[in-house]
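Listed below are the residues making up each chain.
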Amino acid sequence: MKTQLLLFISLLFVSYSCKQKGKSEQGPTQMEQVMAIHDEIMPKMGKLGKLVGELKSKVDTTATGLQYESAMKDLQDANSAMMDWMMNFGSRFDSEEVLHGKELTEQKQIWLDEEEVKVKTLQEQVNSSIARAETLLAQ
């Protein structure tokens, strides 16, 4: 069930991304801005997994090995946070609201404000965990 929901949410986001490519308006809506951040983060999920694999082989009980382990945990936490964000977002908004700009209720607008803050925090978490891992691996 969880896998099916994640698949649905992913397809919803991909559909939204494709729909937005031909759209020209005065400026992006808040929903479009939130989705743009998601679209910037999503391709990095594969990189997270790749970096986890590279770090895992370097983890040991030395000080450096423990740094690798900490960086690996940061990457795994960022991946989990992305999956949790997508599930939560998908449970709050329907496809008409995401894809077609259906007007939001007052409660849903409050939720969108919350989701915007969350996705920006997620963006920073993903980017910083990748940067830390790449820096460690480059040493």
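Source: prediction; values computed, not measured.

Brief notes about the overall build of the protein
So, point 1. Scanning the protein from terminus to terminus reveals six helices and zero strands.
So, point 2. Across the protein, helices and strands are ordered from the amino to the carboxyl terminus as α-α-α-α-α-α.
So, point 3. Considering the protein as a whole, with its 139 residues, one finds that 35% of them fall into the buried category.
So, point 4. A fraction of 74% describes how many contacts in the protein between residues 6 or more apart in sequence connect residues 24 or more apart.
So, point 5. Here the protein displays about 8100 Å² of accessible surface, and carbon together with sulfur accounts for 56% of that area.

Examining the pattern of salt bridges
So, point 1. Overall, the coordinates contain 11 salt bridges when judged by the stated rule.
So, point 2. Arg92 serves as the salt-bridge partner of Glu115, at 2.9 Å between the closest nitrogen and oxygen. Of this pair, Glu115 sits in helix 6 (residues 106-138) while Arg92 sits in helix 4 (residues 63-92), placing them 23 residues apart in sequence. Take Glu115 and Arg92: they sit in the same class, and that class is buried.
So, point 3. Residue Lys118 is joined to Glu115 by a salt bridge in which the shortest nitrogen-to-oxygen separation is 3.5 Å. You can see Lys118 and its partner Glu115 sitting in helix 6, three residues apart, about one turn around the helix.

The rules behind these values
- Residues numbered from 1 in each chain as written.
- Predicted model: local features only at pLDDT ≥ 70, side-chain atom pairs only at ≥ 80, totals over all residues.
- Heavy atoms only, no water.
- Helix = DSSP H or I, 4+ residues; strand = E, 2+ residues; numbered from the N terminus.
- Buried < 20%, exposed > 50% of the residue type's maximum accessible area, 1.4 Å probe, protein only.
- Contact = heavy atoms within 4.5 Å.
- Areas by Shrake-Rupley, 256 points an atom, 1.4 Å probe, with all protein chains shown as cover.
- Salt bridge = Lys/Arg side-chain N within 4 Å of Asp/Glu carboxyl O.

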